[in-house]
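Below are the chains, spelled out letter by letter.
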Amino acid sequence: MTTQFKRTVCQYCGYLCGLIAKVEDGVVSELVPDETRYPYSKQIMNGCRRWKTILEDVYGESRINYPLRRVGKRGSGEFERITWDEALDEIAEKIESLSKHYGPQTIASAIGGPHTVYWPLHRFMNILGSPNNMGIGQICWNPRIWTETIQLGWTIEPDIQFGKTEVLMLWGTNPSQSDNSMFWRTILKLAKTDTKIIAVDPVYTQTARKSDDWLAITPGTDPVLLLALIREIIYEELYDKDFVSKYCYGFDELKTYVDSYTLQYAADVCGIAAASIQKLAHTLAHAQSFCIVSGRGVDQLGKNTLATHRSINILRAICGQIDKPGACVLNTKPDFVSELSLEMGEELTDEAKSFCLNTAITPLQCFKGYEEVLGYTQKHELALPMRYMTSAHPDLVFKAMLEHEPYPIKALIVQATNPLLTYANSEQVLSALKSLDLLVCLEHTMTSTTALADYILPVTGVLERPMLQLHGGVANLAYGGLAAIEPLHERKDEYDVYYELGKRLGQADKWPRKTLKEDILYCLEKAHVTEEYFEQYGSYAQAPQYYKYLQEDGEAKLRGFSTYSGKIELASTLFENLGAGRLPQVEIEEYVEIGGKNSINQSPRLHLISGNRKQPYNGSMYHNRKQFREVYPHPLATMSADTAHVLGLDEGDWVEVSNEVGSARFKLAFARMAPNVVSVDYGWWYPEQELKEPSFGGYKESNINELTDCDIQIFKGVIGTWKYNALRCEIKKVHTNI
């Protein structure tokens, strides 16, 4: 027997924690945490249930091992095994035929979580000539990246340092569930120091319990609280006058603009005492260094998402907390080959870009907006990844499938997502998927969406493929690892799929490297990272440099910021030109209709938070794992006991949560939280049910996306961010469970 010990990585979330695999005659018999690589702690790994199921996943019966072709009616769940050549030949032929008839823009793609690499798909779509990659960027990552780039000249990262970060503010994020890795462990350690931790969240989460102060904000009113903090700091002259005068643009406008955002006004709207808001303003202003970390709770507020991120950046700036130790650090361009280069954006022609569905509706989240921002960031050789920042709005894609306007979308390639469950308005998604001429899913296991597919292609996962996380190419940080074993059965890397499809469609000369591993090593070679180094250490990062805006450029002038004005933009001319206003534009009327004064409303109408995540699940993933379901067997709707009792509800009741879009059922749980708020679990389905029509794995029963919508006419803005939080709903007891 031949025994080897190979360094590899877990791929069950975006952190890619290090593992050592014991490989006996090509079979992995044991996995242990690798403390020499990220996250550098056995304790962190021991706190995670996911990686301990890897061997069950890799060698288990639930995996798809061979290409499948639909033989029954769409949605019947009837498939037959075919060869890879048959699958790829037929898919390429259909793509070519549809492209000739309707144009390549008729082919779209859908992506989801961070447990795969997307640049091969983006490269394939660029060369094909379709602008229609569809993702969740508008409600995750993109709003923060856009606002930081436009206001600060580039993206930033938290710079939490023991002994330097005096205040850590966690805004709309619960790392105990969404992260559960190094960041959460850092918070636990900080909680034992003099660092003051403040949580802004409608729910008293595990993170809030480790905080010194918890602000139970009314969902969706975040920018009002921020602008009140800014006003208090300005009017009490607590801001960093020297930094503002030298490096900020639009301060006088800002001062006038925030005049109406008084402490009492914010208290009435946000449900937080005026004295608490005032105390927080003074705490931040007097801190030598404070750090703000936001999460999906901010990214999913519809039009107020943009206002919230803009206000967070303004708050940082007026306190001089930019590119400063213990606060945040401005990222630098990658030393390795950027994700922009890997996706080959130059292959997408101007004609192809003209078919972008977003252009006339979301003027920032489109190619025109991307290129305008690029004109400023290129001053410092910085460039955002094109395909993420121009991704097509889902509502526009699904309507193009259903209504063929402004042109028909007839084909969809799905990678690392389950759109029927995870995209807004599940019934619209179902109708759109049914309308397609071609639906291809690259998957590990059967899902609600694969039940509708024409072709299901088995892709490799953890242990079988190398992985590299590039952070979207916005930072000088790369991490990952190599595969421990060769792909089992007939599974292929996603890279192999697009490379082989590309060859069949005349793209062969655009794929100079033939495997994902070659592409990864090519990417890292520029940073002088060898295969041996990557295998052993799995990461590339450089020590942060601060105050980069003070560095002199080639003309002996201050480097400044890569923005429209060359300074930090408190007031933004670019946002004004795009129609988003020079200063944050806030919508509050719908948030005060239920009441924001910490009083219980007698009406069943509630604020709905729809994006709650819980370990060990990751979105819609891993609900088919028996040991996980035993730990966390039911989808929960959580509210305060006081709110529930006013509505005549008891803990443990099964309830129906509903609004004008639809309804779903959950089991009621109690928690300490803001009044008139219900928080429901995201991503729930029932893989044990039939994966065919009409059940599709029970996708409707406890799926909160039965209540969500991403209608572009409601949520257009400059990015198109729709709401998963700060929705409206009603709740009632039902007498049958699931």
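As the structure is a prediction and not an experimental result, all values here were calculated from the model.

Caption draft 1: Representation of the overall build of the protein chain in the model. Helix and strand content of the protein chain: 30 helices and 27 strands. Rg of the C-alpha trace for the protein chain: 25 Å, near the compact-globule value of 27 Å for 738 residues, within the 12% margin. Seen through its principal axes, the protein chain has C-alpha atoms that stretch 70 × 70 × 55 Å. Look at the contacts in the protein chain between residues 6 or more apart in sequence, and 75% of them connect residues 24 or more apart. Distance from the positive charge centre (75 side chains) to the negative charge centre (93 side chains) of the protein chain: 2 Å.

Caption draft 2: Looking closely at the nonpolar core. Of all hydrophobic cores here, the largest spans 137 residues; its most connected members are Leu225, Leu315 and Ile318. Considering each element in turn, this core owes the most residues, nine residues, to helix H9 (residues 222-235). Non-local contacts of Leu315, meaning those with residues more than four positions away in its chain, are made with Leu226, Leu229, Ile230, Ile233, Leu284, Phe290 and Ile292. The next biggest cluster of nonpolar side chains, apart from the first, holds 35 residues, and it includes Leu68, Ala108, Ala451 and Trp685.

Caption draft 3: Representation of the pattern of salt bridges in the model. In total, this model carries 41 salt bridges according to the counting rule given. In this structure, the salt-bridge partner of Asp242 is Lys246, at a minimum N-O distance of 3.5 Å. With a gap of four residues between them, Asp242 and Lys246 both fall in helix H10 (residues 241-247), about one helical turn apart. Residue Lys246 is classed as partly exposed on the basis of its relative accessible area of 47%. Put simply, Lys692 and Glu690 hold a salt bridge, and the shortest N to O gap is 3.9 Å. In this structure Lys692 comes out as partly exposed when scored by relative accessible area, which is 32%. Here the salt bridges do not stand alone but share partners, grouping Asp57, Arg63, Glu464, Arg491 and Arg625 into one network.

Caption draft 4: The arrangement of the packing of helix H12 (residues 263-270) against helix H13 (residues 274-286) in detail. For the pair H12 and H13, interaxial distance at closest approach is 8 Å and the crossing angle is 115°. With respect to the hand of their crossing, H12 and H13 are arranged in right-handed fashion. Of the residues in H13, those touching H12 at Leu263, Gln264, Ala266 and Ala267 are Ala274, Ile277 and Gln278. Considering only residue class, the contact of H12 with H13 consists of five nonpolar, two polar and no charged.

Caption draft 5: Representation of the environment of Thr36 in the model. Examined against the element boundaries, Thr36 turns out to sit in the loop between strand E3 (27-33) and helix H1 (42-46). By relative accessible area, which is 45% here, Thr36 ends up partly exposed. Separated by 502 residues in the primary sequence, Thr36 and Gly538 have C-alpha atoms spaced 9.7 Å apart. With sequence-adjacent residues up to four places away left out, Thr36 is seen in contact with Arg7 and Gln536. In this structure the side chain of Thr36 is engaged in a polar contact, spanning 2.6 Å, whose partner is the side chain of Asp34.

Caption draft 6: Spatial organisation of empty space enclosed by the protein. Considering all chains together, one arrives at seven cavities of 30 Å³ or more under this definition. For the second largest cavity, the calculated volume is near 110 Å³. Taken together, 14 residues make up the lining of the second largest cavity; nearest its centre are Trp154, Leu330, His380, Leu382 and Arg559. Residue composition of the lining of the second largest cavity, by class: six nonpolar, six polar and two charged.

Caption draft 7: Molecular detail of the packing of aromatic side chains. Per the stated rule, a full pass over the model turns up 31 aromatic pairs. A ring pair is formed by Phe398 and Tyr423, whose centres lie 6.1 Å apart and whose planes are at 70°; its orientation type is edge-to-face. With Phe398 in helix H20 (residues 394-403) and Tyr423 in the loop between helix H21 (419-422) and helix H22 (426-434), the pair connects residues that are 25 residues apart, well separated along the chain. Looking at Tyr423, the relative accessible area reads 2%, which means it is buried. Between Tyr547 and Tyr549, the ring centres sit 6.4 Å apart and the planes meet at 80°, which makes this aromatic pair edge-to-face. One aromatic cluster is present, built from ring pairs that chain together Tyr12, Tyr617, Tyr622, Phe628, Tyr632, Trp684 and Tyr686. We note Arg81 situated over the ring of Tyr66; from NZ or CZ to the ring centre the distance is 3.5 Å. Sitting over the face of the ring of Tyr239, Lys241 holds its NZ or CZ atom 4.9 Å from the ring centroid.

Criteria and cut-off values
Residues numbered from 1 in each chain as written. Predicted model: local features only at pLDDT ≥ 70, side-chain atom pairs only at ≥ 80, totals over all residues. Heavy atoms only, no water. Helix = DSSP H or I, 4+ residues; strand = E, 2+ residues; numbered from the N terminus. Rg over C-alpha atoms; globule rule 2.2 N^0.38 Å. Contact = heavy atoms within 4.5 Å. Lys, Arg positive; Asp, Glu negative; His and termini not counted. Charge placed at Lys NZ, Arg CZ, Asp CG, Glu CD. Core = buried A, V, L, I, M, F, W, Y, C linked by side-chain atoms within 4.5 Å. Buried < 20%, exposed > 50% of the residue type's maximum accessible area, 1.4 Å probe, protein only. Salt bridge = Lys/Arg side-chain N within 4 Å of Asp/Glu carboxyl O. Axes fitted to C-alpha atoms, helices over the stretch in contact; angles between N-to-C directions. Left-handed = near helix turned anticlockwise from the far one by under 90°. Nonpolar A, V, L, I, M, F, W, Y, C, P; charged D, E, K, R; others polar. Polar contact = N/O pair within 3.5 Å; in protein donor to acceptor, adjacent residues only side chain to side chain. 1 Å grid on protein atoms, 1.4 Å probe; cavity = no way out; pocket = protein on both sides within 12 Å on 5 of 7 lines; lining within 4 Å. Points joined across faces, edges and corners; volume = space filled by probe spheres on them. Phe/Tyr/Trp six-rings, centres within 6.5 Å; stacked < 30°, edge-to-face > 60°. Lys NZ or Arg CZ within 6 Å of the ring centre and 35° of its normal.

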